[in-house]
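# A look at the structure
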Amino acid sequence: MHHSYAVNHLKHLESESIFLLRETIAQFQNPVILFSGGKDSIVITHLARKAFWPARLPFPLLHIDTGHNFPETIAFRDRLVEEIDARLIIGSVQESIDKQRVVEEKGPNPSRNALQTVTLLDALDEHQFDAAVGGARRDEEKARAKERFFSHRDEFGQWDPKNQRPELWNLFNGRKHHGEHFRIFPLSNWTEMDVWQYIKLEKLELPSIYFSHDRETVQRNGVLLAVTEFITLLDGEQVQTLKVRFRTVGDATCTGAMESPATSIEDIIKEVAAARIAERGTRTDDKRAETAMEDRKREGYF
């Protein structure tokens, strides 16, 4: 892509996202950024800092901690929070399990991804957040392609794809009844490639697991999983040390690695340009059913 065209394109996306973040602060009493430590939430946080600079970040960050995170992600999160002087709130899935709000999955590969929804809705309720800003993009997955920028959720945190509000001429309708809330998606129109190009342009730091490193892995159901304390090796499974990186930094039980020599943002951009597997194609939790993501979104997932 021609350099100046690419920069103009990114600046256009940036200004649209900043507009949405300012609109969020204007329309809601108590908004929060959903922060996973992944690249999209890092970009959102950066955009929010730009939108309100030189004032302090007006959003707290809410991390829904599955307890199955890669340690690199948590270390990065804590460093960033300190650096930008943000307020961090942690919603713990382990706590939800301990309080018997949810039940841990059985089996050798228990994913806590589905359990996050309850923890998230509990945290939104406890802190009375009326808008939650997330990094989801329409290019990620079919259900997410149906999203609006301002996505209405009912008092149970549920999403009704048939009851979405029109968004014409950049007019956003944040009106809601008591107990309802909105999810805000400022990166809706970005692609995975846009995000990487923007990270390069803005020289943003990322958790190290996005870049190639040696890691013990095991092949399971066509997905390369990191060998961690959270999974149980099955009979006959061979552990291999490979050069891998991760495209998303989710729950270590379901976030697949990919073999890659990419050690820099430039390398990753070349890889993304040549890639044929969608970004979430390495997520085993989305593979459970054709409509897995939409079903979880209806229940209140990100």
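Coordinates for the structure precede this section.
Quantities reported herein were computed from a predicted structural model and do not represent experimental measurements. (Residues numbered from 1 in each chain as written. Predicted model: local features only at pLDDT ≥ 70, side-chain atom pairs only at ≥ 80, totals over all residues. Heavy atoms only, no water.)

Bringing the nonpolar core into the picture now. Counting 52 residues, the largest nonpolar core has Val43, Leu47, Phe59, Trp190, Trp196, Ile199 and Leu206 as its most contacted members. At seven residues, the largest contribution of residues to this core is made by helix H2 (residues 39-52). Split by domain, the residues of this core number at least three in each of domain 1 (9-196 + 291-299) and domain 2 (206-288). With sequence-adjacent residues up to four places away left out, Leu47 is seen in contact with Glu14, Ser17, Ile18, Leu21, Leu187, Trp190 and Tyr198. Formed by 15 residues, the second largest nonpolar core is a distinct cluster that contains Leu62, Leu115, Leu120 and Ala123. (Core = buried A, V, L, I, M, F, W, Y, C linked by side-chain atoms within 4.5 Å. Buried < 20%, exposed > 50% of the residue type's maximum accessible area, 1.4 Å probe, protein only. Helix = DSSP H or I, 4+ residues; strand = E, 2+ residues; numbered from the N terminus. Domains from an automatic or database assignment. Contact = heavy atoms within 4.5 Å.)

Before going further, it helps to spend a moment on the pattern of salt bridges. Using the criterion set out here, one finds 16 salt bridges in the structure. Notably, a salt bridge pairs Glu205 with Arg79, separated by 3.6 Å at the nearest N-O pair. Within this pair, whereas Glu205 is found in the loop between helix H6 (192-202) and strand S7 (213-220), its partner Arg79 is found in helix H3 (residues 71-84), the two being separated by 126 residues in sequence. The exposure class assigned to Glu205 is exposed, which follows from its relative accessible area of 51%. Across the pair Asp214 and Lys243 runs a salt bridge whose closest N-O atoms are separated by 3.1 Å. (Salt bridge = Lys/Arg side-chain N within 4 Å of Asp/Glu carboxyl O.)

What follows concerns the environment of Thr241. Note on placement: Thr241 falls in strand S9 (residues 240-246). The exposed category is assigned to Thr241, whose relative accessible area is 54%. Those residues in contact with Thr241 that sit more than four places away from it in its chain are Asp214, Arg215 and Glu216.

Turning our eyes to something else, we now look at the packing of aromatic side chains. Across all of its chains, the model carries four aromatic pairs by this definition. Seen from their ring centres, Trp190 and Tyr198 are 5.2 Å apart, and the 85° between their planes marks the pair as edge-to-face. Here Trp190 matches Tyr198 in class, with each residue buried. (Phe/Tyr/Trp six-rings, centres within 6.5 Å; stacked < 30°, edge-to-face > 60°.)

For the rest of this paragraph, the subject is the pairing of strand S1 (residues 31-34). Because side chains alternate across S1, one face comprises the buried residues Pro31 and Ile33, and the other comprises Val32 and Leu34, equally buried. With H2 bridging S1 and the parallel strand S2 (residues 61-65), this β-α-β connection has right-handed handedness. (Right-handed = clockwise from strand over helix to strand, strands pointing away.)

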